[in-house]
Structures are given as C-alpha cells and as structure tokens.
Amino acid sequence: MQEPANQVPPAIQIDSLSKTFAGGFEALKGVSLDVSKGEIFALLGPNGAGKTTLISIVCGLVNPSGGTVKVEGFDILSDYRETRSRVGLVPQELTTDAFATVFGTVRFSRGLFGKPHDDVYVEQVLRDLSLWEKRDSEVHMLSGGMKRRLLIAKAMVHEPDVLFLDEPTAGVDVELRRDMWNLVRRLRDRGVTIVLTTHYIEEAEEMADRVGVINNGELILVQEKNALMQRLGEKRLVLKLNERLDTIPPTLSEKYELSLSDGGETLTYVYDARGEHTGITGLLSDLRDANLHFTDLDTEQSSLEDIFVNLVEQQR
Amino acid sequence: MNIYAIRAIYKFEMARTQRTLLQSVVYPVLSTSLYFVIFGSAIGSQINEVDGIAYAAFIVPGLIMLSLLTQSVSNASFAIYFPRFNGTIYELLSAPVAYYEVVIAYVGAAATKSVLIGLLILATAYFFVDLNIQHPLIMLGFLILTAVSFSLFGFILGIWADNFEKLQLVPLLVVTPLTFLGGTFYSISMLPPFWQNLSLLNPVVYLISGFRWSFYGEGDVSILASLGMTLGFLAICLAVVAWIFRTGYRLKP
C-alpha cells in the first residue's frame, strides 16, 4: 500500500503479520496494527501471548512467516538499514557484555547503529539515566537495576525515532520505575514513538496513550486508553434481594440500567461513578415504592483487569 | 556501508584481545617457542637436514601455521559464539548492518590477532633458529590469506556450535591433528608412497607446503596448488557464511 505523499506514514505499520516457529507453534496469527508517530502504545497480554515475538520481528531478531511490517514507511526486510537505524530495543532479559565498561559498551552501541562517534552525546545519555558515576565500571559489577538502565542507554544512544521496551519494569524497584516513566515522557516530548509490552495493567494504564490487548497470537482489542478508562469509570451496585424476582418491574427498567442474575436473587445497577447524578438515591427510593427489599448491598468497580479477563475469556 | 558498525565491532574485539592478553597472545607465542627450544636447539642438532634445510629451520613455517590455524579458528568461533551464548547477539541482529559487514568486522579482528601472533612467533624463532626468508612478501600474503580463511571457518563454527564442547571440538580434534600430520615436523616425501598419497587429501599439507615454499623456495606440492587450495577453502567458507545469513541459520528463528 502506498501512502499519499502529503501524509506522514505511521511510525509502525503492521499488516497481517504471522509467525509460525520451526516446532509448529503459531506465535502470531495475522496481527494488523498501526502505531502513530509520537504515541506511547502498550501491548498488554499474558505470558506467551506473542508480545515479544511481535517486537522481535519489527526489530529484526525473528523472521516473519507472513505479512508486512513498515517503520516510518520503510519495509523491515527490504529497507532494513532504514528501519533498524530508526528503532531502539530494550530487551526483556538483562543481557550485557560482562567485561566491557559502561561507557565503552554504550559507545559501541552508537557505532553499531551507524552513528558517528559523539562522546558528548554518550555522556548526556549516561547522565540522563544516572549512569555517569558508573561510566568506568565493568558491566558485571552493576546491580540489576543499573543493568536495566544500561540497556536503555544502549537502546537510546543512536537517537532512535521508535523505542521498544519489552517488559521494562520486570524486577525493577520503585525508584527506577519512576525514573523510567519520567524518561519515557521526556522521550515522547521529543517526538519518540514508544511501544512497551507489559502484563501489568497498571503500567499500561499509567503510561500509554493507547492499549492493545494481545492473547494467543491475536490482537483482540486496540483502544484509546481514555476510552478504556471510561469503561473503568463504570461502577456496579449489587443488591441481594429478599425474594426471587422473575422480571424487573417496567417502572424501574425504564428509568435505570438494571439486570437480574443468580436466578432472580441479585439485581445489578450499572452507573458512572464520575457522573454528577449517580441515580442511586432515586433507585433505592423507587425500589421501596415497588415494595422490593434487599438483604445486602455492595458496589464494584470494573477494572482494566476485568475488561482484560473478560476479553480473554470471550476468546475461549 | 555501515563503516561505524564495522569499526565498533572491530574495536570491541580488539579490546577483548587486550583484556585477555596473556591467554590470547602470550600463551600461543610461548608454547610455540617451546617447540623451537626442544626440537630446534636441543634435539634438532641430532637430526639430519630435511630437503636440504636444517631441521630447526624446517619446522618453523609449520609451527607458525599450527598456531595461526588454531588461533584463527578458536578466536573467531568464540567471538561470535559468546554473544549467542549470553544473549547480547540481539543487539547485532537488530542493528542496521549487512551480513558482510558483520563478517568483515569479526573475521577482520580475528585474523588481525592471529597474524600478529604469527609474526610474534616468527620474531621469536629468530632468537633460536638460523632463518632466511626467500619470499617475504609471499610469506606475508600467505599468512594473511590463511588467517582470513580460517577465521572465516571459525566464524562458521561459532554459529554452528550450540555448546562449549562443540566449540572446542574442531580446533582440538580436527585442526590440530591435521596440522601435525600435515608436514609440520616432516616432509611428506619422507613417507611411504601410500601415506604420501593419503596426505595429499589433507588440506593443511597445502597450507604448510606453500608457507614453507615462501621461506625456502621448496615445498611438498607446487606453490600454485597451495594457493589454489587456500583460495578454494576461502571460497567455500564465504559461500557457507552467505547461506547462514540468508537463511538466518542458528541466528534467527
């Protein structure tokens, strides 16, 4: 597909991407996804869902079985130099050269990605990640958190337009996690597109502009985070009724969004907790007028987790 | 061409050599020098000339070849195997580098190191042995060509091996015996006819013979056969490397 000349191509354009590994395992089943320039996109899914495979194909670590991937309009296979020089990858595992120094290994990464020598820039990246003090240390001397910072430095030092963070906060302490999110925001302000994978819902919630939910190699939902938050704003009032009810009286069902469950013993009311009028008081007095009594009441908030679990279950 | 990447990998590899100077340079030079002392100075005086060359001098080209081959193979194989082993290969695979650039950098670094070792051994030999090199430029050419070919071979080995044992297997069980039986310590013409013909199947015979020719103007086979054999081996290795990168064999699932 050719982009119109006046239109900026998406940062990442994935079309019907599939991957079947040599053993026959189908890791991706025709995934299509566009990620816009400058957005933070979270790829959310359980372990083994295909998140890392997807990232690995875009970065060139895994050969695709079918479909196409473009980065800023360039094909990842035929124009791999163009795409790879624009992409940075922070892998999930802490894989580092044990005996190189921090400064040396970051400088190495810049050269490897085809950028001229620039020790001033390397210094800036190390300072941004609080690694400058450790610049002469050998990598194996670093703590786990420091190694994570180092991997980020290595991925950023060639000034990529697109940064992939594969499970960036796995095994990371609170401070680094906060630093990392600050860094991600700064990068976004510079116009860098960020794709992160996570199985922590809060992480997607906190950082992302859009969230894609992937399960069993299929992308089952892509939505603006705010729209997801809208769903999150929904609350449910659950009433245990005194007596079994066959149908909801029309006087109530016309005014309120109600549903019956548990064979008519539980009445659930869905409302927007952030709205000015939740309608709870009205509902309760209308219930009394309709001569309906209840033994217990409870409120529940639907979380992204619920939505996620629901989606995954619907798939089965 | 991504010159910056080639330079980065090359420098990284040479820095690794510097870090492990004892093991990677001092050890091969020292252990080869022991042969000069024992076979050259101590026992060599008791042995007759071979092909009109003093025995101590006769073994020098073969011993340099022995070090050159084992060092090229093990150095290049380790250089590419280790990133695969510890996972840092991800960076290389995600970088905007062409396969020939990766090969130039890794093989270039491995070959540089073994040529350096070869020259150091040669310099050491002068202390113990009376040496006279007839064709120094051809000698140097042979040294470089062999180092490049066997570094390339080592590179293939490092991609093929999936454990440390396999990595050691070829240098120890294939390269070293072939070199010892390839005329390092004797002239092929000293063998019975059957063993002479069998020896001609050993590719290392051609390498040592050619290298010795550059020293003394004489070899077991003609210099052109030696050159042809070396270039043929280089071509096979290049073809295999090209195939590896095209298919992603052992590198990309």
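Reading the values: rules and limits
Residues numbered from 1 in each chain as written. Chains lettered and ligands numbered in written order. Predicted model: local features only at pLDDT ≥ 70, side-chain atom pairs only at ≥ 80, totals over all residues. UniProt positions renumbered as here; feature names shortened; annotations may be inferred. Helix = DSSP H or I, 4+ residues; strand = E, 2+ residues; numbered from the N terminus. Rg over C-alpha atoms; globule rule 2.2 N^0.38 Å. Buried ≥ 20, exposed ≤ 12 C-beta atoms within 10 Å, placed from the backbone. Contact = placed C-beta atoms within 7 Å. Pairing = 2+ DSSP bridges. Core = buried A, V, L, I, M, F, W, Y, C linked by C-beta atoms within 7 Å. Domains from an automatic or database assignment. Axes fitted to C-alpha atoms, helices over the stretch in contact; angles between N-to-C directions.

Going by an unreviewed UniProt entry, chain B carries the name Transport permease protein and comes from Luminiphilus syltensis NOR5-1B. Taken verbatim from the UniProt record of chain B, the Sequence similarities (unreviewed entry) comment is "Belongs to the ABC-2 integral membrane protein family."

In the nomenclature of an unreviewed UniProt entry, chain A corresponds to ATP-binding component of ABC transporter from the organism Luminiphilus syltensis NOR5-1B.

Trainee: Before we go on, may I ask you to explain the overall build of chain A in this structure?
Mentor: When you go through chain A residue by residue, the secondary structure sums to 11 helices and 14 strands. The C-alpha atoms of chain A give a radius of gyration of 25 Å, which is well past the 20 Å a tight globule of 316 residues would have. Each principal axis of the C-alpha distribution contributes one length, and for chain A these read about 80 × 45 × 45 Å. Here chain A, with 316 residues, has 37% of them falling under the buried criterion. Within chain A, counting contacts between residues at least 6 apart in sequence, those at least 24 apart form 71% of the total.

Trainee: For this particular structure, what's the right way to read the overall build of chain B?
Mentor: In terms of helices and strands, chain B carries 10 helices and zero strands. For a compact globule of 253 residues, the expected C-alpha radius of gyration is about 18 Å, and chain B comes in at 19 Å, within 12% of that figure. Seen along its three principal axes, the alpha-carbon backbone of chain B occupies a region of about 60 × 35 × 35 Å. Taking all contacts inside chain B whose residues are at least 6 apart in sequence as the whole, residues at least 24 apart take part in 80%.

Trainee: Whenever I open this one, the pairing of strand E3 (residues 40-44) of chain A confuses me. Can you help?
Mentor: One face of the sheet, then the other: side chains in a regular strand alternate in exactly this way. Residues and elements named next belong to chain A. Among the five residues that make up E3, five are buried, leaving the element largely enclosed by the rest of the structure. What you see with E3 is no split at all: Ile 40, Ala 42 and Leu 44 on one side and Phe 41 and Leu 43 on the other are buried throughout. For E3 and strand E8 (residues 193-198), the ladder comprises five bridges, and the chain directions are parallel. When the bridges of E8 are listed, Ile 40 appears paired with Ile 194. When E3 meets strand E9 (residues 210-215), the two strands line up parallel, connected through four bridges. Bridge pairing in E9 links Phe 41 to Arg 210.

Trainee: What is the right way to read the UniProt feature "transmembrane region" (unreviewed entry) in chain B from this model?
Mentor: Residues and elements named next belong to chain B. The UniProt feature table records "transmembrane region" (unreviewed entry) at residues 21-43, 55-82, 115-133, 140-161, 167-186 and 221-245. The span residues 140-161 shows a helical share of 95% and a strand share of 0%, and its end C-alpha atoms are spaced 31 Å apart. Summarising residues 167-186: 90% helix, 0% strand, and an end-to-end C-alpha distance of 29 Å.

Trainee: Mind showing me how you'd approach the nonpolar core here?
Mentor: Side chains of a nonpolar character, in soluble globular proteins, are inclined to be buried together. All names here are of chain B. Core analysis: the biggest nonpolar cluster contains 71 residues, and Tyr 106, Val 107 and Phe 155 have the highest contact counts within it. No other element matches helix H3 (residues 55-86), which puts 17 residues into this core. Other than its neighbours up to four places away in sequence, Val 107 contacts Ala 76, Val 148, Ser 151, Leu 152 and Phe 155.

Trainee: Would you mind showing me how to read the domain arrangement of chain A here?
Mentor: Size of an interface: often given as the accessible area lost when the parts come together. Domain annotation for chain A reports domain 1 (12-216) and domain 2 (234-302). The distance between the C-alpha centroids of domain 1 of chain A and domain 2 of chain A comes to 47 Å.

Trainee: Sorry if this is basic, but what is going on with the pairing of strand E2 (residues 26-35) of chain A here?
Mentor: Bridging between strand E1 (residues 12-20) of chain A and E2(A) involves seven bridges; their strand directions are antiparallel. When the bridges of E2(A) are listed, Gln13(A) appears paired with Asp34(A).

Trainee: Teacher, can you tell me more about the UniProt feature "domain: ABC transmembrane type-2" (unreviewed entry) in chain B here?
Mentor: Feature annotation in UniProt places "domain: ABC transmembrane type-2" (unreviewed entry) on residues 19-248 of chain B, given in this structure's numbering. Secondary structure across residues 19-248 of chain B comprises 80% helix and 0% strand; the distance between its end C-alpha atoms is 31 Å.

Trainee: Would you explain the sheet that holds strand E4 (residues 66-71) of chain A in this entry?
Mentor: Sheets are built from strands that pair by backbone hydrogen bonding, the pairs being arranged parallel or antiparallel. Pairing within the open sheet is antiparallel, and its four strands lie in the order E2-E1-E4-E5 (chain A). Looking along the sheet, the strands with just one partner apiece sit at the ends: E2 and strand E5 (74-75) of chain A.

Trainee: Help me understand the sheet that holds strand E6 (residues 87-90) of chain A in this model?
Mentor: Residue and element names in this part refer to chain A. Read from one edge to the other, the open sheet built from six strands follows the order E6-E7-E8-E3-E9-E10, with strand pairing classed as mixed. Lying at the two open borders of the sheet, with one neighbouring strand each, are E6 and strand E10 (218-224). Strand-to-strand, the axes of this sheet are offset by a mean angle of 15°, without reference to chain direction. Pairing analysis gives five bridges linking strand E7 (residues 162-166) to E8, with the strands arranged parallel. Paired with Val 162 across the bridge in E8 is Thr 193.

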